[in-house]
Amino acid sequence: MPKIILHQWEVSPFCNKVRKILKYKHLAYSVVNYNGLLAVAASRLSSARKLPVIEYDGEKVQDSSDIAEFLEARHPQHSLYPADSKDLAQAYFWEDWADESLYWFEVYFRFRYPDALQLATSLLCKGRSKFEQVIFAPLARYTYERQLNAQGIGRIDKNRVEKKFFTHIGNLETILSQQDWLVGNHQTIADLAVAAQIDEILRTSPLKERILSYSHVKSWLERIQS
């Protein structure tokens, strides 16, 4: 078995996505967390200056989508990608939607709601000193507020953002009421990418119970975790 090290921020949905991929492929791995001000050190791991990064027998790979394809090439069992070309195209669309659109709802719900922000900050500084948490909290909020505003979603009223988000959840509910997985007849990168984003919303957001009231979405999330 290869030696795999996942360099991560535990509450990052993209790191969660990689954990799900490793679990799905039954690959053993160890974790290095970059909580608190250790986040500065993470910037030296890759040219993108972001996490996740995996070390695979010493070789570093960055970006959750690139990591998925890298692991698939070396461990094709429990495939992440459908064999059918149409299903494959749909899987890539779902993954991109999760990474580029759904992600910003996760950020909004985490950094625009006081209770969620407090919990997220605590998790981001887990194992570090209270001093670091005092420094890190406003820095993290400032950073993500700038990103939210740049994306445009940060300029939208909370009620409207929630309405948009639950339209997406309702659409997922409709799809999952008719099929077990988002694409094809088994788990794929589509399921893992979308579920990773929703997981992180559930972890800190006060919207958790409302999301889990969608019974087919809830059952689908439980199937992915099992």
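Residues numbered from 1 in each chain as written. Predicted model: local features only at pLDDT ≥ 70, side-chain atom pairs only at ≥ 80, totals over all residues. Heavy atoms only, no water.

1. Some details on the overall build of the protein chain
The condition is simple: A helix here means a DSSP run of H or I that spans at least four residues, while a strand means a run of E at least two residues long, and both kinds are numbered starting from the N terminus. As defined in this context, the radius of gyration uses C-alpha atoms, and a globule is described by 2.2 Å times the residue total to the power 0.38. Type-normalised accessible area, obtained with a 1.4 Å probe on protein chains alone, sets the label of each residue: buried when under 20%, exposed when over 50%, and partly exposed for intermediate values.
When its secondary structure is counted, the protein chain shows ten helices and four strands. Order of helices (α) and strands (β) in the protein chain, N terminus to C terminus: β-α-β-α-β-β-α-α-α-α-α-α-α-α. In terms of overall dimensions, the protein chain is globule-like: its C-alpha atoms have a radius of gyration of 18 Å, near the 17 Å expected for 226 residues. Principal axes of the C-alpha set define a box for the protein chain whose edges measure 50 × 45 × 30 Å. Relative to its 226 residues, the protein chain shows a buried fraction of 51%.

2. So, the packing of aromatic side chains
The test is simple: When two rings of Phe, Tyr or Trp (its six-membered ring) have centres within 6.5 Å they constitute a pair, described as stacked for plane angles under 30 degrees, edge-to-face for angles over 60, and tilted for the intermediate range. Comment: the charge-over-ring label is applied if NZ (Lys) or CZ (Arg) is within 6 Å of the ring centre and within 35 degrees of the ring normal.
Applying the stated rule across the entire model yields 13 aromatic pairs. For the ring pair F14 and Y103, a centre distance of 4.9 Å and an interplane angle of 50 degrees mean the geometry is tilted. One end of the pair, F14, is in helix α1 (residues 13-24); the other, Y103, is in helix α4 (residues 85-111), with 89 residues separating them in the sequence. We classify Y103 as buried; its relative accessible area is 12%. Centroid distance F109 to Y113: 5.9 Å. Interplanar angle 75 degrees. Geometry classified as edge-to-face. The two residues F109 and Y113 agree in class, both being buried. Through a chain of ring-to-ring contacts, three or more aromatic side chains come together here, namely F105, Y108, F109, Y113, F165, F166 and Y214. Taking the ring centre of F70 as reference, the NZ or CZ of R74 above it sits at 3.7 Å.

3. Things to note about the nonpolar core
Considering soluble globular proteins, one finds that nonpolar side chains tend to be buried as a cluster. As a reminder of what qualifies: What is meant by a nonpolar core is a set of buried Ala, Val, Leu, Ile, Met, Phe, Trp, Tyr and Cys residues, joined one to another through side-chain atoms within 4.5 Å. Note on contacts: a residue pair qualifies if any of its non-hydrogen atoms lie within 4.5 Å across the two residues.
By size, the foremost hydrophobic cluster in this structure holds 65 residues, and its most contacted members are I198 and W220. The element that contributes the greatest number of residues to this core is α4, accounting for eleven residues. In contact with W220, other than residues within four places in its own chain, are L176, D180, W181, L182, D191, V194, A195 and I198. Membership of the second largest hydrophobic core comes to six residues, among which are Y34, A42, L45 and L51.

4. Quick word on α1
Three- or four-residue spacings in an α-helix give side chains the same orientation, since the helix completes a turn every 3.6 residues. This is how the line gets drawn: In a helix, the anticipated span is given by 1.5 Å times the number of residues less one. The term polar contact refers here to a pair of N or O atoms within 3.5 Å; inside protein, the definition further demands a hydrogen-donor-capable atom paired with an acceptor-capable atom, and it admits residues adjacent in sequence only when both atoms are side-chain atoms.
The end-to-end C-alpha distance of α1 is 16 Å, a good match for the 16 Å that twelve residues give at a rise of 1.5 Å each. Across the twelve residues of α1, eleven count as buried, placing the element largely inside the fold. Contacts from the buried residues of α1 go to β1 (4-8), β3 (53-56), α3 (64-74), α4, α8 (189-204) and α10 (215-225). The backbone nitrogen of F14 lies 3.2 Å from a side-chain oxygen of the residue at the head of α1, namely S12. Two residues or fewer after α1 comes H26, characterised by a positive phi angle close to 55 degrees.

5. Observations concerning the UniProt feature "domain: GST N-terminal" (unreviewed entry) in the protein chain
Selection rule: UniProt positions are given in the numbering used here, feature names are shortened, and annotations may be inferred rather than shown by experiment.
As recorded in UniProt, the sites labelled "domain: GST N-terminal" (unreviewed entry) are residues 2-79. Span residues 2-79 is 35% helix and 22% strand, its end C-alpha atoms 18 Å apart.

6. Quick look at α4
The following threshold applies: Bend, at a single residue, is the angle you get between axes fitted to the 7 residues ending at that residue and the 7 residues starting at it.
If you check α4, its first and last C-alpha atoms are 38 Å apart, about what 27 residues at 1.5 Å a residue would give, namely 39 Å. The sharpest bend along α4 reaches about 40 degrees and sits at L102.

7. Focus on a negative patch on the surface
Inclusion rule: Each patch is built from residues lacking any salt bridge and having more than 30% relative accessible area; the joining distance is 9 Å for like charges and 5 Å for nonpolar side chains (Val, Leu, Ile, Met, Phe, Trp, Tyr). In this description, accessible areas are obtained by the Shrake-Rupley approach with a 1.4 Å probe, and a residue is regarded as covered only by the protein chains that are shown. We define a salt bridge as a contact between a side-chain nitrogen of Lys or Arg and a carboxyl oxygen of Asp or Glu at a distance within 4 Å. For the purpose of charge, His is not counted, nor are the chain termini; Lys and Arg are scored as positive and Asp and Glu as negative. Just so you know, the charge point we use is NZ for Lys, CZ for Arg, CG for Asp and CD for Glu.
Side chains of D63, D66, E69, D96 and E100 sit close together on the surface and give a patch of like negative charge. Of all the elements in the fold, those that place two or more residues in the negative patch are α3 and α4. Assignment of secondary structure puts D96 in helix α4.

8. Structural notes on the sheet that holds strand β4 (residues 59-62)
Heads up, the condition is: Each pair of strands is called paired provided DSSP finds at least two bridges between the two strands. To obtain an axis, a line is fitted to C-alpha atoms, over the contacting stretch when the element is a helix, and the angle between two such axes runs from 0 to 180 degrees between their N-to-C directions.
Ordered by their spatial adjacency, four strands build an open sheet running β2-β1-β3-β4, and the pairing between neighbours is mixed. Two strands bound the open sheet, and with one partner strand each, they are β2 (30-33) and β4. Strand after strand, the sheet turns through a mean of 20 degrees between neighbouring axes, direction not considered. Strand direction decides the pairing type here: β1 and β2, joined by four bridges, are parallel.

9. What about the pairing of β3?
Of the two faces of β3, the one lined by V53 and E55 and the one lined by I54 and Y56 are each fully buried. Strand direction decides the pairing type here: β1 and β3, joined by four bridges, are antiparallel. Paired with I5 across the two strands is E55, which belongs to β3. Relative to β4, β3 is paired through four bridges, and the arrangement is antiparallel. Residue E55 lies in a different strand from β4, and its bridge partner there is K60. Counted along the chain from β3 to the antiparallel partner β4, the turn is two residues long, and its residue D57 has a positive phi close to 50 degrees.

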